[in-house]
Amino acid sequence: MLTCRAMTRPRPKSFHDQIVEELGAKIVSGVLASGTQVSPEPILAESLGVGRLAVREAMKVLAAKGLIVIRPKTGTHVLPREAWNLFDPAVLRWHAAASFDDRFLADLVQLRRMIEPPAARLAAVQATDAQIEAVRSAHAAMAAATAQEDYIAADLRFHAAVLAACNNQFIRQLQGAISEVLKISFTASSAPGGRQERLFALSLHEALVTALVQRDGDAAEAAVQRLIERAEDRIRGARQAAGAAKAGPAAGSR
């Protein structure tokens, strides 16, 4: 049975948010493995220096995300990965903070292929002029960004605006999850890129803007496919570079 050590992270808005962040991150990262019994409510409350009500509320949140199961007689246990709500933005965010495995990244790319290209096709047909302008504005912000964090923020806004422009209520419900998927994709593909690489990326995004303006569904879908292909190539390159860097010192020490 595990207890939770004192937290060192910046405190979220409430004590129960703090507990959710701490335990959620530990579960997703594997520190608290599947089947692990979480300490009883009084012990957790004492070790964290919070009230039992805050612990109880946090456990409810984690249970709703599929990370734990609470049983009156046997206690609270960590559930296997198959039970987790992977579309929950917090669960995806905790994945982004942990290390990625190849299967997880491949599944994310597949998810993007299933959702984003058809959504772009819909947007070309169903978007309002104001929604297309929001996509164009985000692209302009990408082009004007001088700091990497500003570029990424504008890029996320660009893709969110495309999803919103498809005007499908179910796809729009996925916006939060897809935004986290994109953040993970950007993090995993963070190989160094120079000016030419950035100009190429901007041209791919611009092709999508043009397709939306021209109400060309085929071109919009193709433009998003090219964006995803580029992301997949960069993820593969970043993973290979990381693997080579990790293997290099070990090989040299033989």
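Structure shown above.
So, here's what we can say about the structure.

The rules we used
Residues numbered from 1 in each chain as written. Predicted model: local features only at pLDDT ≥ 70, side-chain atom pairs only at ≥ 80, totals over all residues. Heavy atoms only, no water. Pairing = 2+ DSSP bridges. Helix = DSSP H or I, 4+ residues; strand = E, 2+ residues; numbered from the N terminus. Axes fitted to C-alpha atoms, helices over the stretch in contact; angles between N-to-C directions. Parallel < 35°, antiparallel > 145°, perpendicular 65-115°, else oblique. Contact = heavy atoms within 4.5 Å. Nonpolar A, V, L, I, M, F, W, Y, C, P; charged D, E, K, R; others polar. Salt bridge = Lys/Arg side-chain N within 4 Å of Asp/Glu carboxyl O. Buried < 20%, exposed > 50% of the residue type's maximum accessible area, 1.4 Å probe, protein only. Expected span 1.5 Å × (residues − 1). Core = buried A, V, L, I, M, F, W, Y, C linked by side-chain atoms within 4.5 Å.

## A short note on the sheet that holds strand E3 (residues 75-78)
Taken in spatial order, the three strands of this open sheet run E1-E3-E2, and their pairing is antiparallel. Unpaired on one side and paired on the other, strand E1 (37-38) and strand E2 (68-71) mark the two borders of the sheet. Pairing of E2 with E3 involves four bridges; the strand directions are antiparallel. What sits directly across from Ile68, in E3, is Val78.

## A look at the packing of helix H5 (residues 102-126) against helix H10 (residues 195-213)
Here H5 crosses H10 at 40 degrees, and the two axes come no closer than 8 Å. By the angle between their axes, H5 is oblique relative to H10. Across the interface between the two elements, Ala120, Ala123 and Ala124 from H5 touch Leu208, Ala211 and Leu212 from H10. Here the contact of H5 with H10 is built from residues that sort into six nonpolar, no polar and no charged.

## Things to note about the packing of helix H4 (residues 89-97) against helix H9 (residues 175-188)
Direction vectors running N to C along H4 and H9 enclose 5 degrees, while the axes themselves pass 9 Å from each other. With respect to H9, the element H4 is oriented roughly parallel. Along the contact surface, H4 presents Pro89, Leu92, Arg93, His95 and Ala96, while H9 presents Gly176, Ala177, Glu180, Val181 and Ile184. Residue composition of the contact of H4 with H9, grouped by class: six nonpolar, two polar and two charged.

## Thoughts on the pattern of salt bridges
In the structure shown here, the tally under the stated rule is 18 salt bridges. With its nearest N and O atoms 2.6 Å apart, the salt bridge here joins Asp218 to Arg121. Residue Asp218 is located in helix H11 (residues 217-252), and its partner Arg121 is located in helix H5; the two are separated by 97 residues in the primary sequence. Here Arg121 falls in the partly exposed class, since its relative accessible area comes to 34%. Through salt bridges with shared partners, a single ionic network connects Arg113, Glu232, Asp233 and Arg236.

## A short note on helix H1 (residues 15-29)
For H1, with 15 residues, the first-to-last C-alpha span of 21 Å sits near the 21 Å given by 1.5 Å per residue. Tucked inside the fold, the buried residues of H1 contact helix H2 (41-48), helix H3 (52-64), E2, E3 and H4. Just beyond H1, the residue with positive phi is Gly30, at close to 95 degrees.

## Here we look at the pairing of E3
When E1 meets E3, the two strands line up antiparallel, connected through two bridges. Bridged to Gln37 within E3 is His77.

## Considerations on the nonpolar core
Counting 47 residues, the largest nonpolar core has Leu92, Leu108, Val135, Phe158, Leu208, Leu212 and Ala220 as its most contacted members. Those elements giving two or more residues to this core turn out to be H5, helix H6 (129-144), helix H7 (148-165), H9, H10 and H11. A total of ten residues in this core trace back to one element, the largest contributor, which is H5. Setting aside anything within four residues of it in sequence, one finds Phe158 in contact with Val135, Ala138, His139, Met142, His205, Leu208 and Val209. Listed in part, the 24 residues of the second largest apolar core include Ile19, Ile27, Leu62 and Leu67.

## Thoughts on the environment of Leu212
Along the chain, Leu212 turns up in helix H10. Since its relative accessible area comes to 1%, Leu212 is described here as buried. The spatial distance from the C-alpha of Leu212 to the C-alpha of Asp129 is 9.6 Å, given a sequence separation of 83 residues. If we skip the residues at most four places from it in the chain, Leu212 touches Ala120, Ala123, Ala124, Ile132, Val135 and Ala220.

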